[in-house]
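Chain by chain, the residues:
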Amino acid sequence: MAGVHPQDDLLKMTHRENWKVQHERLHVKHRGHEAMHAEMVLILIATLVVAQIVLVQWKQRHHRSYNLVTLVQMWVVPLYFTIKLYWWRFLSMWGMFSVVTSYVIFRATRKPLSCRTPRMVYKWFLLIYKLSYAVGVLGYLAIMFTMFGFNVFFRIKAEDSMDVGVIMLFYGLYYGVMGRDFAEICSDYMASTIGYYNQGGMPTRSLTNDICAVCGQKILVDVEEEGFIEDTYQLSCGHIFHEFCIRGWCIVGKKQTCPYCNEKVDLKRMMNNPWEKTHVLYGQLLDWLRYLVAWQPIIIGIVHGINFTLGLE
C-alpha cells in the first residue's frame, strides 16, 4: 500500500488541527535556539527604547515636522500593505476618504479664505470623527460579543464574528486618527489665514468682541446681514466664539488653547453632557495610536534589519 503523503493529511485536518500541527513543527524547528531568541528580544527592547527617546525629542523640538512625517507615514504605510495583501475593500475606502479630504484641504488652504470654508471643513472632519467613533465602538462590542460566546446563540462562527469586529475596530481607529490629524493641519492654515491666530507669535489682527476668531465672522448678526445664527461659548479667558466653531477647533482640530490668546482650554468644562466626555478619552486614545500605526512598522523593520545583519535568523 502506497504511503500517505503528509501534505494530504494536512488537507484533511480542520483549521484548528492544522494550526496545532504547524505550531508543533515551529517549536521543533526552533528548539535549542533559546540564546538566539533571548538576544533578539534584547535587540527589540533596546530598539524600542532608543526609538521612543528619539521620537519624543523630535516631537518636542520640531513638533510640526514630526506631525507631518507621521501623517504621511500613516497615509502611505497602510496603502503599501493593502496593495501587497490585496485588501481591495480597504483600498476603496481609503481612496474615497483621500479624494474628499484632499478637496477639503484644498479649500482650507486657499487665499483669500471663503467665509463658509471653516464651517465646511469642520463639518466634514466632525462627520469622520463621529463615524469612526461609532464604527470603533461597534467593532469593540463585536469582539466582546465573540469572546463571551454570544455568537453561538446566533449560529455565527467565532472566526467570522471576530474578523468583523477586528476590521470595524481597525477602520474606526485608523480613520479617526487620520481625520483628527488632517483637521489639525486645516485648523492651523485657516486660522492663520484669517489672522486672529499665530502659532509662533502674535496674531496679525486684533480681535473685537463681536467676531469669532475661528471663522472670522460676526458672532451676532442683524436680521438683514449674512452670517451664522447659533449658540455662543465663552472660554475662561473671556473670548467668545460660535459654539460649533470652538468645538471643532478643540475637539476635532486637537487644539487645547484659545484661538486668539493661546490660553489653555479645559475640554472637560466644555462638555455639558456626561456622554460627551467620552469623546475626550477617545481623542486621547487616537493620539496614542498614532505612534503604533505610523512608527511601529518602521521600528519592527529596523529590528529585522539588525537581526539579519547579525545573522539572527
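Residues numbered from 1 in each chain as written. Predicted model: local features only at pLDDT ≥ 70, side-chain atom pairs only at ≥ 80, totals over all residues. Heavy atoms only, no water.

As annotated in an unreviewed UniProt entry, the chain carries the name RING finger protein 175 and is attributed to Lates calcarifer. What the UniProt record of the chain gives under Subcellular location (unreviewed entry) is the line "Membrane". (UniProt positions renumbered as here; feature names shortened; annotations may be inferred.)

Draft legend 1. Molecular detail of the overall build of the chain. A count of helices and strands for the chain gives ten helices and two strands. The order of α-helices and β-strands along the chain, N terminus first, is α-α-α-α-α-α-α-β-β-α-α-α. In the chain, which comprises 313 residues, the share counted as buried stands at 35%. Taking the intrachain contacts of the chain between residues at least 6 apart in sequence as the baseline, contacts between residues at least 24 apart amount to 62%. When the accessible surface of the chain is split by element, carbon and sulfur atoms take 65% of a total near 19,700 Å². (Helix = DSSP H or I, 4+ residues; strand = E, 2+ residues; numbered from the N terminus. Buried < 20%, exposed > 50% of the residue type's maximum accessible area, 1.4 Å probe, protein only. Contact = heavy atoms within 4.5 Å. Areas by Shrake-Rupley, 256 points an atom, 1.4 Å probe, with all protein chains shown as cover.)

Draft legend 2. Expanded view of the nonpolar core. In terms of nonpolar packing, the biggest core is built from 56 residues, with Phe-125, Phe-241 and Trp-249 touching the most fellow members. Residue assignment for this core shows that the elements contributing at least two residues are helix H3 (34-61), helix H4 (63-85), helix H5 (88-108), helix H6 (117-147), helix H7 (158-194), helix H8 (243-252) and helix H10 (277-309). Sort the elements by how many residues they give to this core and H7 lands first, with twelve residues. Ignoring anything within four residues of it in the chain, the contact list for Trp-249 reads Tyr-122, Ser-187, Ala-191, Tyr-197, Val-214, Lys-254, Lys-255, Thr-257, Cys-258 and Pro-259. (Core = buried A, V, L, I, M, F, W, Y, C linked by side-chain atoms within 4.5 Å.)

Draft legend 3. Spatial organisation of the UniProt feature "transmembrane region" (unreviewed entry) in the chain. Mapped onto this structure's residue numbering, the UniProt feature "transmembrane region" (unreviewed entry) falls at residues 40-58, 65-81, 87-106 and 127-154. Counting secondary structure, residues 65-81 comes out at 100% helix and 0% strand; the distance between its end C-alpha atoms is 24 Å. End C-alpha atoms of residues 87-106 are separated by 28 Å, and the span's content is 95% helix alongside 0% strand.

Draft legend 4. Quick look at the packing of aromatic side chains. Per the counting criterion, the structure on display carries 18 aromatic pairs. For the pair Trp-75 and Trp-94, a centre-to-centre distance of 6.0 Å together with 50° between the ring planes defines the contact as tilted. Of this pair, Trp-75 sits in helix H4 while Trp-94 is found in helix H5, placing the two residues 19 residues apart along the sequence. Residue class for Trp-75 comes out partly exposed when judged on its relative accessible area of 23%. Accessibility expressed as a relative area gives 15% for Trp-94, which makes it buried. Measuring from ring centre to ring centre gives 5.2 Å for Trp-75 and Phe-182, while their planes differ by 75°; the resulting arrangement is edge-to-face. Linking Trp-75 in helix H4 with Phe-182 in helix H7, this pair joins segments that are 107 residues apart in sequence. (Phe/Tyr/Trp six-rings, centres within 6.5 Å; stacked < 30°, edge-to-face > 60°.)

Draft legend 5. Representation of H4. In this model, H4 (23 residues) spans 33 Å end to end at C-alpha, consistent with the 33 Å of a helix rising 1.5 Å per residue. Burial in H4 covers these residues: Tyr-66, Asn-67, Thr-70, Leu-71, Gln-73, Met-74, Val-77, Pro-78, Leu-79 and Thr-82. With its phi angle positive at about 60°, Tyr-86 sits one or two positions after the end of H4. (Expected span 1.5 Å × (residues − 1).)

Draft legend 6. Here's a closer look at the confidence of the model for the chain. Looking at the chain, pLDDT values average 78 and 79% of them are 70 or higher. Averaged pLDDT values for the elements of the chain fall to 54 in helix H1 (residues 6-12) and rise to 92 in H5. (pLDDT = per-residue confidence, 0-100.)

Draft legend 7. Main features of the packing of H6 against H8. At a minimum axis separation of 10 Å, H6 and H8 run at an interaxial angle of 50°. On the basis of the axis angle, H6 is oblique to H8. Helix-helix and strand crossings are classified by hand; for H6 and H8 the assignment is left-handed. Here Arg-119, Tyr-122, Lys-123, Phe-125, Leu-126 and Tyr-129 of H6 lie close against H8, whose contacting residues are Phe-244, Cys-245, Gly-248, Trp-249, Ile-251 and Val-252. Taken together, the residues of the contact of H6 with H8 sort by class into nine nonpolar, one polar and two charged. (Axes fitted to C-alpha atoms, helices over the stretch in contact; angles between N-to-C directions. Parallel < 35°, antiparallel > 145°, perpendicular 65-115°, else oblique. Left-handed = near helix turned anticlockwise from the far one by under 90°. Nonpolar A, V, L, I, M, F, W, Y, C, P; charged D, E, K, R; others polar.)

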